[in-house]
Amino acid sequence: MYKLVGNRATRAFRALWLLEELGVPYEHVPAAPRSEEVRAVSPLGKVPVLVVGDDVIADSTAILTYLADKHGAFTHPAGTVARAKQDAWTFRVLDEVDAVLWTAARHSFILPEDQRVPEVKESLKAEFAQNLERIAGEFTADCLAGDEPTVPDFVLAHCLGWARNAKFPDAPEVLVDYLRRLRTRPAFERAAAL
């Protein structure tokens, strides 16, 4: 059985959602970043952390990739062009969406106050909006790498919700519709209720 450490208000939501999609048994420890519960399994104190037997996997995207590969679901097979395209979407979403939101969060409440540059958030919002416009313009199917969700969709959907909570610009309508569809999935609803 898996043990996922991290509360759903963090990137741990991505892994919770995928675990629900997979329908595999898991234990959820809704711990906050840098808490004693997190540091007990990962000295970095970052969440999420997936405990698999005696092994620990940190980083939400590493966890998603591991689970998808292990269970042969929500991913294209390794070594295929479809997987390379899926991975390209994953890296792009991490670089152009997640990283922008994370930088804004760091300058809002994560960094010590004397190291924050709140003014940077306006430029991040503009960059975020431009990046989403480009992504929306390349949408050709129901999901990023085909008609069914794969790893990058768990990341992007989470980021779109995160952006709304952080008062970032609204996503283009195609991405709003995409997020609405994904949020109606029973596994998403179960993860959101945790």
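For the structure itself, look to the data block above.
What counts, and at which threshold
Residues numbered from 1 in each chain as written. Predicted model: local features only at pLDDT ≥ 70, side-chain atom pairs only at ≥ 80, totals over all residues. Heavy atoms only, no water. Core = buried A, V, L, I, M, F, W, Y, C linked by side-chain atoms within 4.5 Å. Buried < 20%, exposed > 50% of the residue type's maximum accessible area, 1.4 Å probe, protein only. Helix = DSSP H or I, 4+ residues; strand = E, 2+ residues; numbered from the N terminus. Contact = heavy atoms within 4.5 Å. Disulfide = S-S within 2.5 Å. Patch = residues over 30% accessible without salt bridge, like charges linked within 9 Å, V, L, I, M, F, W, Y side chains within 5 Å. Areas by Shrake-Rupley, 256 points an atom, 1.4 Å probe, with all protein chains shown as cover. Salt bridge = Lys/Arg side-chain N within 4 Å of Asp/Glu carboxyl O. Phe/Tyr/Trp six-rings, centres within 6.5 Å; stacked < 30°, edge-to-face > 60°. Lys NZ or Arg CZ within 6 Å of the ring centre and 35° of its normal.

Visitor: Help me understand the nonpolar core, please; the structure alone is not making it clear to me.
Guide: Here is a general trend for soluble globular proteins: nonpolar side chains tend to be buried in one another's company. Of all hydrophobic cores here, the largest spans 52 residues; its most connected members are Trp17, Val97, Leu132, Leu156 and Leu175. Elements that contribute at least two residues to this core include exactly β1 (2-5), α1 (12-22), α3 (60-71), α4 (81-110), α5 (120-137), α6 (151-165), α7 (173-183) and α8 (186-192). With 9 residues, α6 is the single largest residue contributor to this core. If sequence neighbours within four positions are ignored, Leu132 has contacts with Val97, Leu156, Leu160, Ala171, Pro172 and Leu175. One finds Val29, Ala31, Val38 and Val47 within the second-largest nonpolar core, a separate group that totals 7 residues.

Visitor: Which parts of the structure should I look at to understand the state of the cysteines?
Guide: What we call a disulfide is simply a covalent bond connecting the sulfur atoms of a pair of cysteines. In this structure the tally under the stated criterion is 0 disulfides. Looking at the unpaired Cys143, the closest cysteine sulfur is the one in Cys159, lying at 15 Å.

Visitor: I would appreciate a short explanation of a nonpolar patch on the surface in the present structure.
Guide: A cluster of nonpolar side chains, contributed by Trp102, Phe109 and Ile110, occupies part of the molecular surface with about 290 Å² of accessible area. With respect to the element layout, Phe109 can be found in helix α4. On the accessibility criterion, Phe109 (58% relative accessible area) is exposed.

Visitor: Just to check I follow, could you spell out the packing of aromatic side chains for this structure?
Guide: Here a ring pair, both rings aromatic, is described through the centre-centre distance and the interplanar angle of the planes. Following the criterion strictly, the structure yields 8 aromatic pairs and no others. Between Tyr2 and Tyr66 the ring centres are 6.4 Å apart and the planes differ by 90°, which places this aromatic pair in the edge-to-face class. Of this pair, Tyr2 sits in strand β1 while Tyr66 sits in helix α3, and the two are 64 residues apart along the sequence. Seen in terms of ring centroids, Phe13 and Trp17 are 6.2 Å apart; in terms of plane orientation they differ by 35°. Their pairing is tilted. Residue Phe13 and its partner Trp17 are located together in helix α1, separated by 4 residues, close to a single helical turn. An aromatic cluster of three or more residues is present, and its members are Phe13, Trp17, Phe74, Phe154 and Phe188. In this structure, Arg11 is placed above the aromatic ring of Trp102, and the distance from its NZ or CZ to the ring centre is 4.8 Å. Across from the ring centre of Phe168, 5.9 Å away, lies the NZ or CZ of Lys125, which sits over that ring.

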